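Structural description and commentary
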Amino acid sequence: MSNSSCFFSTIEDLLAHVIRDSTLNVTAQVALCSDICLQVWGNGNPDLLGIGLNLSYLIQVTLTIICGPLLGAIYVLRRPLRLDRTTVEAMSSIHDNFLDTSAAFNIPVAIAAAIRTHHFTPFYELAFLQFLILMQAHSFLLVVAIIGLFERPYRRSIRRLHVVIFYLLINFSSCIEVVVSAATNPMNGVLGRALTDACKLWVIPVSAQTILGQVTLTTKDRFQLFFGRGQVIKDTLWHTS
Amino acid sequence: MAHLVGGIILVFIVILWISVLQRLELPVRRWTLPVILAGLFIFPLLTGLLVNWIAEMECTRNEMEAIIGAVSQDDQWSFGQIVAVFLWLPLCFQILLHVMDRV
């Protein structure tokens, strides 16, 4: 609930004021604005973290495994498997189409993530965007690595290779930009620590603690989180002091 | 920082691997041992990292859903969300049609 003496409606406002006026006490301000703590943790940008996008990321990973290592292994074993020419041509075409679709999806997401991490990004979004951008870069790299397997007449032309390497470089440079700007984001530094201290009445998410180096998750914890059992982790791991 | 250095090294290894294969122009059955070893190193490593990052993403998402729950605006289907899913549809159909042709 917002307090009438709270002067900040968003985390950006609060941090901008703290940066301008170093005498401002973060703990005192947070005590007046309880909504601020919720913004410290979450509610990211739906354009990058929405339900459809999340489903799209899962489809991307599934298709990467199908069009990457699986397709590569089937191509290498095409003679023992006695695949006909039409099938091998189709495999080459599927791989090429996946590369283009992947680039059309990855590059805008990577650029949008790089822009987002230049702002005061909530902990949740900061953690999510770093994992997202690394996932997409590895997905693209995995499918690009298959290009080398194709032999004549399916071998890609040098021009096509240049285009793919251009995609790869844009993708990785945006990825580097996200990781660097996330590391230098005000939420990841002294101000972020001041906010986590000030918001002690609120639980500290594991992602925030991981960023701040306060916890190391076990494989069991990760499995529980992955299968949506956040509450279990909340009860056992989160600091509620 | 380690992620950055690791990522740059991985990109160079993959580009080198592609260029070696392109230059050699050898059929698969005549690949040299270093090329096979590089392939056996690159593919499991990249697949493992990919699965790790998507798992981390889903963990972060589930965790925040446990905290903010109904406050989250992430569960609303807007135009952008639908476009993101439909982006993969032509490729899925292409794979499906080729698989159906084979069966």
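None of these values were measured; they are calculated from a predicted model.

Summing up its helical and strand segments, chain B has four helices and zero strands in all. Start at the N end of chain B and walk to the C end: the helices and strands fall as α-α-α-α.

This part takes up helix α8 (residues 158-183) of chain A. The terminal C-alpha atoms of α8 of chain A, which comprises 26 residues, lie 37 Å apart, in line with the 38 Å expected from a rise of 1.5 Å per residue. Buried residues of α8 of chain A: Val164, Leu168, Asn171, Phe172, Ser174, Cys175, Val178, Val179, Ser181 and Ala182 of chain A, and no others.

This brings us to the packing of helix α5 (residues 51-76) of chain A against helix α6 (residues 85-116) of chain A. All names here are of chain A. Put simply, α5 and α6 touch, their axes get as near as 11 Å, and they point 150 degrees apart. Classified by the angle their axes make, α5 and α6 are roughly antiparallel. Judged by the sense of rotation from one axis to the other, the crossing of α5 with α6 is left-handed. Of α6, the residues touching α5 (which contributes Gln60, Leu63, Cys67, Leu71, Ile74 and Tyr75) are Met91, Ile94, His95, Phe98 and Phe105. Split into classes, the residues belonging to the contact of α5 with α6 amount to nine nonpolar, two polar and no charged.

Before going further, it helps to examine the packing of α6 of chain A against helix α7 (residues 123-146) of chain A. Residues and elements named next belong to chain A. It is at 10 Å that the axes of α6 and α7 come closest, and there the two elements cross at 155 degrees. Considering their axes alone, α6 and α7 lie roughly antiparallel with respect to each other. By crossing handedness, the relation of α6 to α7 is classed as left-handed. Residue-level inspection shows His95, Phe98, Leu99, Ser102, Asn106, Val109, Ala110, Ala113 and Arg116 of α6 in contact with α7, the latter providing Glu125, Leu129, Leu132, Ile133, Gln136, Ser139, Phe140, Val143 and Ile146. Its residues assigned to classes, the contact of α6 with α7 shows eleven nonpolar, five polar and two charged.

Below, the discussion takes up the environment of isoleucine 176 of chain A. Examined against the element boundaries, isoleucine 176 of chain A turns out to sit in helix α8. It is 33 Å that separates the C-alpha atoms of isoleucine 176 of chain A and isoleucine 74 of chain A, two residues lying 102 residues apart in sequence.

So, on to unusual backbone geometry. All names here are of chain A. Despite not being glycine, arginine 82 has its phi angle at roughly 55 degrees, a positive value. Within the secondary structure, arginine 82 sits in the loop between α5 and α6. The exposed category is assigned to arginine 82, around which 8 C-beta atoms lie within 10 Å.

Conventions and cut-offs
- For every chain, the first residue of its written sequence is number 1, and the numbers climb from 1 along that sequence.
- Following the order in which they are written, the chains are lettered starting with A and the ligands numbered starting with 1.
- Per-residue local features of the predicted model are confined to residues with pLDDT of at least 70, and side-chain atom pairs are confined, for both listing and counting, to 80 or more; whole-chain, interface and lining totals are unaffected and use all residues.
- Here a strand is any run of E in DSSP of at least two residues, a helix any run of H or I of at least four, and the numbering for each starts at the N terminus.
- Expected helix span is given by 1.5 Å per residue-to-residue step, counting one fewer step than there are residues.
- Exposure in this text rests on C-beta crowding, where 20 or more other C-beta atoms within 10 Å of a residue's own make it buried, 12 or fewer make it exposed, and counts in between make it partly exposed. The C-beta atoms are placed from the backbone.
- Note on geometry: axes are C-alpha line fits, over the in-contact stretch for helices, and angles between N-to-C directions span 0 to 180 degrees.
- To sort the angles, those under 35 degrees are grouped as roughly parallel, those over 145 as roughly antiparallel, those from 65 to 115 as roughly perpendicular, and the leftovers as oblique.
- The crossing is said to be left-handed when, going from far helix to near helix, the turn is anticlockwise and less than a right angle, and right-handed when the turn is clockwise.
- By definition, residue pairs are in contact when their C-beta atoms, positioned from the backbone, come within 7 Å.
- Gly is placed with the polar residues, together with every amino acid not listed as nonpolar (Ala, Val, Leu, Ile, Met, Phe, Trp, Tyr, Cys and Pro) or charged (Asp, Glu, Lys and Arg).

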